[in-house]
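# Summary of structural features
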Amino acid sequence: MMSSGELFFVFLESISLAYSGWGSVAIVRESIVEDHALITDVQLASFLSLSQITPGPLGFYLLFVGYTVKGVTGFALAWVALLLPALLIVPIHHLLQVHASRWVKGAASGIVAASAALMLSTAWSIAPQVLTSTLSWTIAAVALIVLSTGRVPSFGVVIVAAITGMIFG
């Protein structure tokens, strides 16, 4: 069992150290799915999907994770962890602008690269559990191709994929 404090720090770490919402998934998956087995990869993928189609940042999937793991307390812990970096970013940004150096810029580049690797690693780990049919593999492949063009918004791809799944699934 994971304590409330441990859960909060997993959420805070995932939000604070990841470059994007997707980058946070690897940290959450490693701790909550692999190390503690509190949710499954399928549940995590479902929470990511729900978060993708709701308004707001992708990081809202943490609210689903928190609620599933610890009920209302887990939901509140995830909510605070999501808000805290956003409240601190303005003064941090100001400090970085004032004291910008090639080291700060280099560190930012390193964080972006590591976050991209985290996203790819997580996608590779989750895919076998959630892509279980020819249809799901086809939808994933087409979505990847369409998204790589940068011409179609991700929300549109998700809606078309949902409709395709409803019709052919």
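Refer to the structure printed above.
Residues numbered from 1 in each chain as written. Predicted model: local features only at pLDDT ≥ 70, side-chain atom pairs only at ≥ 80, totals over all residues. Heavy atoms only, no water.

## Brief notes about the overall build of the protein chain
Which entries qualify depends on this criterion: Runs of E in the DSSP output that reach at least two residues are strands. Runs of H or I that reach at least four are helices, and both are numbered from the N terminus. Between the two quantities, the radius of gyration covers C-alpha atoms and the globule rule is 2.2 Å times the number of residues to the power 0.38. The buried label applies to any residue whose accessible area, calculated with a 1.4 Å probe on protein chains only, is under 20% of its type's maximum; exposed applies above 50%, and partly exposed to all values in between. Contacts are assigned to residue pairs with any non-hydrogen atoms lying within 4.5 Å of each other. Here Asp and Glu are counted as negative and Lys and Arg as positive; His is not counted, and neither are the chain ends. Taken as the charge centre is NZ of Lys, CZ of Arg, CG of Asp or CD of Glu, depending on the residue.
Broken down by element type, the protein chain carries seven helices and zero strands. Traced from its N-terminal end to its C-terminal end, the protein chain shows the element sequence α-α-α-α-α-α-α. On C-alpha atoms alone, the protein chain measures out to a radius of gyration of 17 Å, which is about the 15 Å that the 2.2 N^0.38 rule sets for 169 residues. Taken along the three principal axes of its C-alpha coordinates, the protein chain extends 55 × 40 × 25 Å. Evaluated residue by residue, the protein chain yields a buried proportion of 28% over its 169 residues. Across the protein chain, contacts joining residues at least 24 apart in sequence account for 59% of those joining residues at least 6 apart. Of the charged side chains in the protein chain, 5 are positive and 6 negative; the average position of the first set lies 18 Å away from that of the second.

## A few points about the layout of surface pockets
Cut-off, in case you're wondering: Two kinds of site are reported from a 1 Å grid over the protein atoms alone, namely cavities, where a 1.4 Å probe fits but cannot get out, and pockets, open sets with protein on both sides within 12 Å along at least five of seven lines, and residues are called lining when an atom falls within 4 Å of a point. Grid points are joined across faces, edges and corners, and a volume is the space filled by probe spheres set on the points. Any residue outside Ala, Val, Leu, Ile, Met, Phe, Trp, Tyr, Cys, Pro, Asp, Glu, Lys and Arg is labelled polar, Gly included; the first ten of those are nonpolar and the last four are charged.
Of the volumes computed, that of the largest pocket is approximately 1600 Å³. Around the largest pocket, the lining comprises 32 residues; the ones closest to its centre are Trp22, Ser49, Leu131, Ala140 and Ala143. Every element with two or more residues in the lining of the largest pocket is listed here: α2 (21–35), α3 (41–53), α5 (102–130), α6 (134–149) and α7 (154–168). Partitioning the lining of the largest pocket into residue classes produces 26 nonpolar, six polar and no charged.

## Description of the nonpolar core
Quick reminder of the rule: By nonpolar core we mean a set of buried residues, namely Ala, Val, Leu, Ile, Met, Phe, Trp, Tyr and Cys, connected to one another through side-chain atoms within 4.5 Å.
Within the largest apolar cluster, 27 residues are counted, with the highest numbers of intra-cluster contacts made by Phe11, Ile32, Ile39, Leu44, Tyr61, Leu62 and Val65. Elements with a contribution of two residues or more to this core: α1 (4–17), α2, α3 and α4 (61–98). Per element, the largest residue contribution to this core is nine residues, and it comes from α4. For Leu62, the contacting residues outside a window of four places in its chain are Phe11, Ser14, Ile15, Val28, Ala78 and Leu82.

## Points about the environment of Ser133
The residue Ser133 is located in the loop between α5 and α6 in this model. Expressed as a C-alpha distance, the spacing of Ser133 and Gly169, which sit 36 residues apart in the sequence, is 9.4 Å.

## Here's the deal with α3
What counts, and what does not: In this scheme, a helix's expected span is set at 1.5 Å multiplied by one less than its residue total. Relevant arc is that of directions from the helix axis to the C-beta atoms, nothing else.
In this model, α3 (13 residues) spans 19 Å end to end at C-alpha, consistent with the 18 Å of a helix rising 1.5 Å per residue. Considered for burial, the residues of α3 that qualify are Asp41, Leu44, Ala45, Phe47, Leu48 and Ser51. Each buried residue of α3 sits inside an arc of 160° when the element is viewed along its axis, so together they form one side.

## Thoughts on the environment of Ile159
Relative to the helices and strands, Ile159 is located in helix α7. As a C-alpha pair, Ile159 and Ile53 span 106 residues in sequence and 8.0 Å in three-dimensional space.

## Overview of the pattern of salt bridges
Selection criterion: In what follows, salt bridge is the name for a side-chain nitrogen of Lys or Arg lying within 4 Å of a carboxyl oxygen of Asp or Glu.
If you walk through the whole model with that rule in mind, you get two salt bridges. Close ionic contact of Glu34 with Arg29 constitutes a salt bridge, the shortest N to O distance being 2.4 Å. Asp41 serves as the salt-bridge partner of Arg29, at 2.7 Å between the closest nitrogen and oxygen. Placement of Arg29 in helix α2 and of Asp41 in helix α3 is noted, with a sequence separation of 12 residues between them.

## Considering the packing of aromatic side chains
So the rule is basically this: Whether two aromatic rings pair depends on their centres lying within 6.5 Å, for rings of Phe, Tyr and Trp, where Trp uses its six-membered ring; planes under 30 degrees apart make the pair stacked, over 60 edge-to-face, and the rest tilted.
Counted according to the given criterion, the structure contains two aromatic pairs. Taking 5.4 Å as the distance between ring centres and 70° as the angle between the ring planes, the aromatic pair formed by Phe8 and Phe9 counts as edge-to-face. Judged by its relative accessible area of 54%, Phe9 is exposed. Each ring, one from Phe47 and one from Phe64, has its centre 5.8 Å from the other, and the planes form 15°; the classification is stacked. You can see Phe47 sitting in helix α3 and its partner Phe64 sitting in helix α4, a full 17 residues away along the chain. A residue is classified by how much of its surface remains accessible, and Phe64, at 28% relative accessible area, is partly exposed.

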